[in-house]
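One-letter residues, chain by chain:
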Amino acid sequence: MRKTLVTMAAVSLLGIAPAATAQDGDNPQIDYDGFVELAITLQETRQAHLIDLAAFQAKAREAGAIILDTRSAEAFRLGHLEGAINLPFSEFTADKLRNVLGTDTGRPILIYCNNNFSDNQQPIRLKAAPLALNIPTFINLHGYGYNNVWELADIVSTKDVDWVAQPLFPQQATEITKPDPHSS
């Protein structure tokens, strides 16, 4: 609550005026003020839904739980938490979310992003902290009606979790694992 009041006071003190309305020429399909309002409204909910790795792993075992990775399809292919499904954030629409997550908006959805990992190498390069993908993912999922979203709070190494990685060059993996017919 305190954080919400501080944010609202800061917005007020900074003199940030509401964006122009559609009548003023803005695109009626883009609602910046609505996004900011939703983000402020969800501040306490998000804080209560930040969980450590042990709780994240336990919640992932709950019936109907989904681990959602919203990074690009390529980043997902190169490495992700075992059991995660991929829907890139840029592809969020009501239909896509319903197709991937189902119609049960109360099912547990667990999210993570690059900034949950200390490795800072492909495919999980750190992003600027205010732009970490967890933040807009949490807000958007709630905006689309999915209200049981849990976010990994910890910073961990991929060595500390069940991490599924595909090699950069898949042919290398098959060459390495093929037995040499000429060896004894």
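Since this is a predicted model, take the numbers as computed values, not measurements.

Caption draft 1: Summary view of the overall build of the protein. Within the protein one finds eight helices and seven strands. Going through the 184 residues of the protein one by one, you find that 32% of them count as buried. For the protein, contacts bridging at least 24 residues in sequence account for 70% of all contacts bridging at least 6. Entry remark: accessible area of the protein is about 11,400 Å², with carbon and sulfur atoms responsible for 56%.

Caption draft 2: Layout of unusual backbone geometry. Following Q122, the chain continues to P123 via a peptide bond in cis, the omega torsion being 5°. In this structure, P123 sits in the loop between β5 (109–112) and α7 (134–143). Here N120, not a glycine, exhibits a phi torsion of approximately 45°, which is positive. Relative to the elements of secondary structure, N120 occurs in the loop between β5 and α7. Residue N120 is classed as partly exposed on the basis of its relative accessible area of 33%.

Reading guide: rules and limits
Residues numbered from 1 in each chain as written. Predicted model: local features only at pLDDT ≥ 70, side-chain atom pairs only at ≥ 80, totals over all residues. Heavy atoms only, no water. Helix = DSSP H or I, 4+ residues; strand = E, 2+ residues; numbered from the N terminus. Buried < 20%, exposed > 50% of the residue type's maximum accessible area, 1.4 Å probe, protein only. Contact = heavy atoms within 4.5 Å. Areas by Shrake-Rupley, 256 points an atom, 1.4 Å probe, with all protein chains shown as cover.

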